[in-house]
Amino acid sequence: MTAADDAPALAPPDRDRSGQPAVTRLAATVERLRAEIQRAQATADGRALLEMAKGVLIERLHCGPAHAARQLEELAARSGVSPLELAAELVDRTAQDELSALVDEFLVRTATPGRSATAVQLRTAESGLLAAGDAHRVARSVLEHAVAPLGATAVALWSAGSDASLTLAGYAGIDAHEAERWRYVPPGVVTPARQALAERQAQWIEDLRASGLPSIGDREGARAAIPAGTGGKLIGVLEVCWPQPLATQPPRVRRQLEALAELCAHTLEPDPAPRNTPDRPDLADLVRLADGLFDPALVLVPRLGDDGITDFRIHHVNRCFVDPAGRPGGLIQGATLFEAYPLAAGEGRLFEQAEHVFATGETYRAERVLLTELVDQVPLTVSAALSIGRHGDTLLMVWRIEDETARLAALLQHAQRLGRVGGFEENAVTGGITWNSQLYLLYGLAPTADPIPLAQLPGHVHADDVEAVRRLLRTLLRYRRPAATAFRLVRPGGETRHLRIVAEPIVDDDGHLLGVRGAYQDISAQHWTEAALSVSQDRLAHTEQHAAEQSRLARQLQQAIMPAATPAIDAFGLRIAVRYQPTEQDHMVGGDWYDAIVLPSKQILISVGDITGHGLEAATGMIVLRNALRGLAATGAGPGQMLTWLNSVTRSLTDHILATAVCCLYDPLTRVLRWARAGHLPPILIRDGTAVTLPALDGMLLGAVEEARYEEAELQLYSDDILLLYTDGLIERRDRPLDECVANLLTASTRFTGTLDDRLDHLLDNSDANADDDTCVVGIQVGLGDSPPR
């Protein structure tokens, strides 16, 4: 064996001697170092808390640092708690701040064993926040020591920009790639943090997905976004993330996070600008800026109280200052905003806008606001354009009072815009032309284009309107008289607009022409509306004429087939009388029909029907069905079978009509009436002074379905019996149920006695129907001859 054989074998370059991949050992080393760093940070946070407690003992016992450290350890040993827990207790008892009150409320001191742990967590988080040098350490300290015990898994610290944007200043528990995506949130994007800034209060969202708001981290779970502010200014937002939807949190938890957010504000607060002199050079610069403005400007300095901003002191008013109430600037400068303008305290008024700008840094601008002030205890309201901006710790408020001239000019401008009116003026001496902005729009020209002289107008109009424009120019320029005309303007792109021009000459005392002024109005919409209206009127006139012709034809058909009064029929001891009353309106001509004929079998066919709809279609359909039923009756079939066949006839019609009908066959020998109905009102039988409705036999409307069967019944008639067949026009009222109308007809039928014709006339004359429909009633009376036994 050689020396080389005795040498240890070298491990592969990607493995160590234990056989483990080098990457695995490297990852384990990184994880160990990360854990050591986290322990070191936690130790540093705890050490800061211990140092705070030592400071308390040094102040109270008037001893040195070493003696205070020994005293802290002895007190902790005697109390049976750790030095860190004792330190938190000492700081709590000494500070008596929001965090102390939170601990006292969160856990009962003597009864809850976890109080010391909670105090350590909160005080450790506080000391970690105060000792942290950057926002990321602050976020980690808040997550580890304060909100992780509440179930939270991530924390984000947002810094608010003056343009209402948000910048991610620090985070913990959030993936670095996700943090990079949310590094900057532009203005206008509504997130939980943005809502907290806009509404200046904490936003508790129990379910982020249900709210629909985008935000950093997982889209599931709950969110709390708490504004972080100091000195009345909102500097940023503390956002806490939970992995699952969260129930409403108790007030103590809310106050805990609000206290932590206030501590976070000190980290987010930018370094103050250096001030070389005690008179605040930044304020002096703002005063100089205000004095350089041509509009009234005020420099406001906030007055802070325990609850935030209580008022603003008017530090300076510029040289152009105009008070809405007419007071000199010397009376305003140095006063507070409420002293100078007491009505600024109303909701949504000046103070609330200024407070919002100072808190959020968002500039407020409005073209028109109403400022109301008291003049001798009388409210005076003026309109003004208003702008408020924050500059450091001060506000610059600029307003422009709208005087009567400016208000009327703005009103005229809006009227011209809404009316699509453009004005012009031409100077005949210098050749100068003035157009307003609306006229450039009417001509389709850019505002920088040269105006078109009035003399060149014929070259820009439709060829058919050139002569009309030339007459206008002659009237204006030669005869010196006002003139107006309408024409079609051809714009540079070839588009045609309908315009109207009204102009007048400007002359001196000697009648010499100095210029021309006038206005154009775009009447394109009116022109096309009038054209469409004219076409619609022509179509309507044609339609009305056609409808009238159809109505006259329908009326003629109806009168030819259904005369209003038909002579009574006496056959085989049966008397039949008919009354037919068409509607008075031609366009409402209906399809009511009746028929009474003696068949070759000596039986008598009596029928009544009604076709749905009105007009010529109803009249022609009525003729078809009436004649078809006559033909079907010659077959010797019964009423039910005839209605079945008539339904097939109705279905075969191209107009797809629907109809109701009652079909009766009377045998004079037996005085038996066989009958069936197709959706029609049953006949009424009057016997011995009593009127009843015959049973409602089964039977579908004619034309409703392909296959239909109709129930048939027999009725034995006796001497002096009267049977009434009628259509709904006799009884129908729009304000009553149909059953009630039938009951009224039964009552009216029994009250009147007399001949059959008199009875039918009485029913028609006393009908209170109001359905504007045809009315048909057929009366059948059995004679006094031999009758079968009852």
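Being a predicted model, the structure only gives us computed values, none of them experimental.

### With respect to the confidence of the model for the chain
Summarising the model, the chain shows a mean pLDDT of 80, and 79% of its residues fall at 70 or more. Confidence over residues 1–18 falls short of pLDDT 50; this stretch has eight contacts with residues more than four positions distant or in other chains. For the stretch residues 96–120, pLDDT sits under 50, and the model shows 43 contacts to residues farther than four places along the chain or on other chains.

### Regarding the sheet that holds strand β16 (residues 513–522)
Judged by pairing direction, the sheet is antiparallel, and its five strands sit side by side in the order β13-β12-β16-β15-β14 without closing on themselves. Each of the sheet's edge strands pairs with one partner strand only, and the pair in question is β13 (433–435) and β14 (483–490). Neighbour-to-neighbour, the strand axes of this sheet turn through a mean angle of 20°, independent of strand direction.

### Some details on the environment of Ala335
Turning to its location among the elements, Ala335 is positioned in the loop between α13 (329–332) and α14 (337–340). Ala335 gets classed as buried once you look at its relative accessible area, which sits at 13%. Placed 23 residues apart in sequence, Ala335 and Phe312 show a C-alpha to C-alpha distance of 8.7 Å. Those residues in contact with Ala335 that lie beyond four places of it in its chain are Phe312, Arg313, Ile314 and Ala340.

### Focus: the packing of aromatic side chains
Each aromatic ring pair is summarised here by two numbers: the centre-to-centre distance and the angle between the ring planes. Inspection of the entire model under this criterion finds twelve aromatic pairs. Centre to centre, the rings of Phe487 and Tyr520 are 6.3 Å apart; their planes meet at 80°, and the pair counts as edge-to-face. Here Phe487 is found in strand β14, whereas its partner Tyr520 is found in strand β16, with 33 residues between them in sequence. An identical accessibility class is assigned to Phe487 and Tyr520; each is buried. Three or more aromatic residues joined by ring pairs make a cluster, and in this case those are Phe424, Trp435, Tyr440, Tyr443, Phe487 and Tyr520.

### What about the pattern of salt bridges?
Summed over the entire model, instances satisfying the criterion amount to 30 salt bridges. Arg209 is the partner of Glu220 in a salt bridge, and the nearest nitrogen-oxygen pair spans 2.7 Å. Taken as a pair, Glu220 in the loop between α10 (208–211) and β5 (223–230) and Arg209 in helix α10 lie far apart in primary sequence, eleven residues in all. A cluster of three or more residues bridged by salt bridges with shared partners is formed by Arg420, Arg491, Glu495, Arg497 and Asp522.

### Examining the sheet that holds strand β20 (residues 604–611)
As summarised here, the arrangement of the five strands in space is β19-β20-β21-β22-β25, forming an open sheet in which the pairing is antiparallel. The open sheet terminates on both sides in strands that have one partner only, identified here as β19 (591–598) and β25 (712–716). This sheet shows a mean twist of 15° between the axes of neighbouring strands, independent of strand direction. With eight bridges joining them, β19 and β20 adopt antiparallel strand pairing. Looking across to β20, one finds that Trp593 is bridged to Gly609.

### Some words on helix α15 (residues 350–360)
Of all eleven residues making up α15, nine are buried, and the element is well covered by its neighbours. Inspection of α15 places Leu350, Phe351, Gln353, Ala354, His356, Val357, Phe358, Ala359 and Thr360 among the buried residues, and these make up the whole buried set. Backbone geometry just after α15 places Gly361 at a positive phi near 80°.

### Things to note about the pairing of strand β23 (residues 684–687)
Taken together, the four bridges between β23 and strand β24 (residues 690–693) define a ladder with antiparallel strand orientation. By the bridge assignment, Ile686 is partnered in β24 with Ala691. Connecting the antiparallel pair β23 and β24 is a turn made up of two residues, with Asp688 showing a positive phi of about 55°. With three bridges joining them, β23 and strand β26 (residues 722–726) adopt antiparallel strand pairing. Looking at the pairing, Ile684 lines up with Leu724 of β26.

Cut-offs used in this document
- Residues numbered from 1 in each chain as written.
- Predicted model: local features only at pLDDT ≥ 70, side-chain atom pairs only at ≥ 80, totals over all residues.
- Heavy atoms only, no water.
- pLDDT = per-residue confidence, 0-100.
- Contact = heavy atoms within 4.5 Å.
- Pairing = 2+ DSSP bridges.
- Helix = DSSP H or I, 4+ residues; strand = E, 2+ residues; numbered from the N terminus.
- Axes fitted to C-alpha atoms, helices over the stretch in contact; angles between N-to-C directions.
- Buried < 20%, exposed > 50% of the residue type's maximum accessible area, 1.4 Å probe, protein only.
- Phe/Tyr/Trp six-rings, centres within 6.5 Å; stacked < 30°, edge-to-face > 60°.
- Salt bridge = Lys/Arg side-chain N within 4 Å of Asp/Glu carboxyl O.

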